[in-house]
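# Coordinates in review
Chain residues, written in single-letter form:
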Amino acid sequence: MTEASVIGVPHGAPLDKDKRNWIVATCAVGGAGIAAVAVPFVSSIQPSEKAKAAGAAVEVDISALKPGEKMTVEWRGKPVWIVKRTPEQLAELPKNDSLLADPKSERKQSELTPAYARNENRSIKPDTLVVVGICTHLGCSPSDKFQPGAQPSLPDDWPGGWLCPCHGSTFDMAGRVYKNKPAPDNLEVPPHVYLSDTRLLIGEDKKA
């Protein structure tokens, strides 16, 4: 760039040295200011890796989730399952009580089941289950076995739920563990709250 092409100086006019230095310094400071503003703005859009590791809440859109389907999101490095249960699956839950180790979710309530999920469905909304997909035995991830009926490693009257392939623990469609299985407890229900009918916030249970 020639001296005559500097902003504010007509072509062919002599450039005062002090004015030139002032223009260059102003541009440099202005550019630095833009960069300083841009970084915090971008950072505010998405939680930092440190915040994620510390357990930053995760907002989830469940509008596309249909009955009988499951979606998985990550929170605190753990898989969290969101399951839209069918009316048939909900109807089976009370029938399982006598077969379960902790049907009313009374064990380790402060760790595993928030007060708003201490019901037959273990959920805020009856049809939508939110649980951490980690077996309470040795930390394996159970497999979906939503289809009822006889299947390998499952009873002939299986009502639907999860099977942990590592040591055979089974859980019903509310994440409750069956009796006489290696897993000692029900699947964890993480803190969560509905921001709207179709948006969930996982990791917090109070609206901001």
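Scroll up a little and you will see the structure.
Now for a description of the structure that goes with this document. These numbers come from a predicted model, not from an experiment. Along each chain, numbering runs from 1 in the same order as the chain's sequence is written. Only residues with pLDDT of 70 or above have their local features reported here, since the model is predicted, and side-chain atom pairs are shown and tallied only from 80 upward, although totals for entire chains, interfaces and linings are computed over all residues. For the side-chain quantities, the full set of heavy atoms in the structure was used; hydrogens and water were omitted.

Taken in spatial order, the three strands make up an open sheet running E2-E3-E4, and their pairing is antiparallel. The open sheet terminates on both sides in strands that have one partner only, identified here as strand E2 (70-75) and strand E4 (128-132). Neighbour to neighbour, the strand axes of the sheet diverge by 20° on average, direction disregarded. Any two strands between which DSSP finds at least two bridges are classified as paired. Secondary structure elements follow DSSP: runs of H or I of four or more residues count as helices, runs of E of two or more count as strands, with numbering from the N terminus. Lines fitted to C-alpha atoms define the axes, with helix axes restricted to the stretch in contact, and inter-axis angles between N-to-C directions lie between 0 and 180 degrees.

On to the side chain of Thr128, then. By secondary structure assignment, the location of Thr128 is in strand E4. Overall, Thr128 belongs to the buried group, its relative accessible area being 3%. When checking whether two residues touch, look at their non-hydrogen atoms; a contact exists if any pair is within 4.5 Å. Apart from the residues lying within four places of it in its own chain, the contact partners of Thr128 are Ile62, Ile82, Val83, Lys84, Arg85, Ser123 and Tyr194. When accessible area is computed with a 1.4 Å probe and restricted to protein chains, residues below 20% of their type maximum are described as buried, those above 50% as exposed, and intermediate ones as partly exposed.

A word on the pairing of E4. Where burial is concerned, most of E4 is hidden: five out of the five residues are buried. Of the two faces of E4, both are covered, the one formed by Thr128, Val130 and Val132 as well as the one formed by Leu129 and Val131. As judged from the five bridges shared by strand E3 (residues 78-84) and E4, these two strands associate in the antiparallel manner. Bridge pairing in E4 links Val83 to Leu129.

It is worth spelling out the pattern of salt bridges at this point. Where charged atoms from two side chains of opposite charge approach closely, those side chains can pair. Salt bridges, as used here, are contacts in which a Lys or Arg side-chain nitrogen is within 4 Å of a carboxyl oxygen on Asp or Glu. Applying the stated criterion across every chain, the model contains eleven salt bridges. Note that Glu188 and Lys78 form a salt bridge whose closest N and O atoms lie 3.7 Å from each other. Within this pair, whereas Glu188 is found in the loop between strand E7 (170-172) and strand E8 (192-194), its partner Lys78 is found in strand E3, the two being separated by 110 residues in sequence. Each of the salt bridges in this network shares a partner with another, and the network as a whole consists of Asp97, Glu120, Asp172 and Arg176.

What we call a nonpolar core is a set of buried Ala, Val, Leu, Ile, Met, Phe, Trp, Tyr and Cys residues that are connected through their side-chain atoms within 4.5 Å. Among the nonpolar cores identified, the biggest contains 19 residues, and Trp81, Val83, Val131, Trp162 and Phe171 are the most heavily contacted of them. Counting residues per element, the ones that place at least two in this core are E3 and E4. Each residue touching Val131, except ones within four places of it in the same chain, is listed here: Pro79, Val80, Trp81, Arg122, Leu187, Glu188, Val189 and Pro190. Listed in part, the twelve residues of the second largest apolar core include Val73, Trp75, Ile82 and Tyr194.

What follows deals with the packing of aromatic side chains. Whether two aromatic rings pair depends on their centres lying within 6.5 Å, for rings of Phe, Tyr and Trp, where Trp uses its six-membered ring; planes under 30 degrees apart make the pair stacked, over 60 edge-to-face, and the rest tilted. In this structure the tally under the stated criterion is three aromatic pairs. Taken together, a centroid distance of 5.2 Å and an interplanar angle of 15° make the contact between Trp81 and Trp162 stacked. Of this pair, Trp81 sits in strand E3 while Trp162 sits in strand E6 (residues 161-163), and the two are 81 residues apart along the sequence. Taking 5.4 Å as the distance between ring centres and 85° as the angle between the ring planes, the aromatic pair formed by Phe146 and Trp162 counts as edge-to-face. Placement of Phe146 in the loop between strand E5 (143-145) and E6 and of Trp162 in strand E6 is noted, with a sequence separation of 16 residues between them. Residue Phe146 is classed as buried on the basis of its relative accessible area of 16%.

Note that a disulfide, as used here, is simply two cysteine sulfur atoms within 2.5 Å. All told, the structure shown has one disulfide when counted by the stated rule. Linked covalently through their sulfurs, Cys140 and Cys166 form a disulfide whose S-S length is 2.3 Å. Its S-S torsion of about -115° marks the bond between Cys140 and Cys166 as left-handed, since a negative value means left-handed. One end of the pair, Cys140, is in the loop between E4 and E5; the other, Cys166, is in the loop between E6 and E7, with 26 residues separating them in the sequence. For Cys166, a relative accessible area of 37% translates into the label partly exposed. With no disulfide of its own, Cys135 lies 3.9 Å from the sulfur of Cys164, the closest cysteine sulfur. Cys135 gets classed as buried once you look at its relative accessible area, which sits at 3%. Residue classification places Cys164 among the buried positions, given a relative accessible area of 3%.

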